[in-house]
Amino acid sequence: MFSAYRSLTEMLVVAGEIRGRKKLQKMVYIARELGYPFPEPFGLHMWGPYSEILTVKLKEMTDWGFAEEKVLPGPAGNPHYVYTPGPNAGRVLAEPGAEKIRDERFRALVRHLNGQEATFLEGVATVMYLRGKGKPDGEVAAMLTRMKPDKFGDPERVRAVMAFADELKQYAAACI
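Since the model is a prediction, treat every value here as computed from it, not as a measurement.

1. Brief notes about the packing of helix α6 (residues 118–132) against helix α7 (residues 137–147)
Right, on to step 1. Two elements in contact, α6 and α7, have axes whose closest approach is 10 Å; the angle formed by their N-to-C orientations is 135 degrees. Looking at the two axes, α6 sits oblique to α7. Between α6 and α7 the crossing geometry is right-handed. Where α6 abuts α7, its residues G123, T126, V127, L130 and R131 lie against D137, V140, M143, L144 and M147.

Pasting the structure below:
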């Protein structure tokens, strides 16, 4: 019954807390690209890969107590969202027969990604998205710089984002 929420619930439980909607979206996208069971479709938007379905699913999870959302004041008066496992998260994880992620690589991946800033993950996810569309690295770097010059105009930052995306391959799901 709750299997559609299992992967996201497991991510929240492992992370303990994820600060920001953008960060959560990028963490799910990256995990999905590495072969973990996140079925939500993503398209490329202004802040990198984004899934409307994931946004709806997260809202449902907060409504049902699988996740909690705190709204804090953020920069320039914009709200900042913090996600934690909700009081009913255990119900999702205890459901028999649901697909489970029990992989230590997944837990290590979640902790590693959660330790990064959201904007950096935006770049990493965008690199992974463009590579997934068959773009060669030179073109990916040029597109990232052109698409997001304020965030990735520095060639060293672009190299760091691309190197991090390469490093993440060690966390790929065992089923790949």
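2. A look at the pairing of strand β4 (residues 67–73)
Across a regular strand the side chains alternate sides, sitting on one face of the sheet and then on the other.
Right, on to step 1. Bridge count between β4 and strand β5 (residues 79–85): 7 bridges; the pairing is antiparallel. Bridge pairing in β5 links A67 to P85.
Right, on to step 2. Between β4 and the antiparallel strand that follows it, β5, lie 5 residues; A76 among them carries a positive phi value of about 60 degrees.

3. Let's talk about the pattern of salt bridges
Right, on to step 1. Enumeration over the complete set of coordinates arrives at 17 salt bridges.
Right, on to step 2. Among the ionic pairs, E122 bridges to K22, the shortest N-O distance being 2.7 Å. With E122 in helix α6 and K22 in helix α2 (residues 21–33), this pair connects stretches of sequence that are 100 residues apart.
Right, on to step 3. For E122, a relative accessible area of 0% gives the class buried.
Right, on to step 4. For K22, a relative accessible area of 23% translates into the label partly exposed.
Right, on to step 5. Here D137 and R131 are joined by a salt bridge, their closest N and O atoms 2.8 Å apart.
Right, on to step 6. In the salt-bridge network here, residues are joined through shared partners; they are K22, E122, K148 and K151.

4. A look at helix α5 (residues 104–114)
Right, on to step 1. For α5, every residue scored as buried is listed here: F106, L109, V110, L113 and N114. Seen from one end, α5 has its buried residues packed into an arc of 120 degrees, which puts them on one side.
Right, on to step 2. Looking at the buried positions of α5, the neighbouring elements they touch are α1 (6–15), β1 (18–19), α2, α6 and α9 (155–167).

5. Focus on the environment of K135
Right, on to step 1. If you trace the backbone, K135 turns up in the loop between α6 and α7.
Right, on to step 2. For K135, a relative accessible area of 30% translates into the label partly exposed.
Right, on to step 3. Look past the residues within four positions of K135 in its chain and what remains in contact with it is L130, V140 and M143.

Each value, and the rule that gives it
Residues numbered from 1 in each chain as written. Predicted model: local features only at pLDDT ≥ 70, side-chain atom pairs only at ≥ 80, totals over all residues. Heavy atoms only, no water. Axes fitted to C-alpha atoms, helices over the stretch in contact; angles between N-to-C directions. Helix = DSSP H or I, 4+ residues; strand = E, 2+ residues; numbered from the N terminus. Parallel < 35°, antiparallel > 145°, perpendicular 65-115°, else oblique. Left-handed = near helix turned anticlockwise from the far one by under 90°. Contact = heavy atoms within 4.5 Å. Pairing = 2+ DSSP bridges. Salt bridge = Lys/Arg side-chain N within 4 Å of Asp/Glu carboxyl O. Buried < 20%, exposed > 50% of the residue type's maximum accessible area, 1.4 Å probe, protein only. Arc of directions from axis to C-beta.

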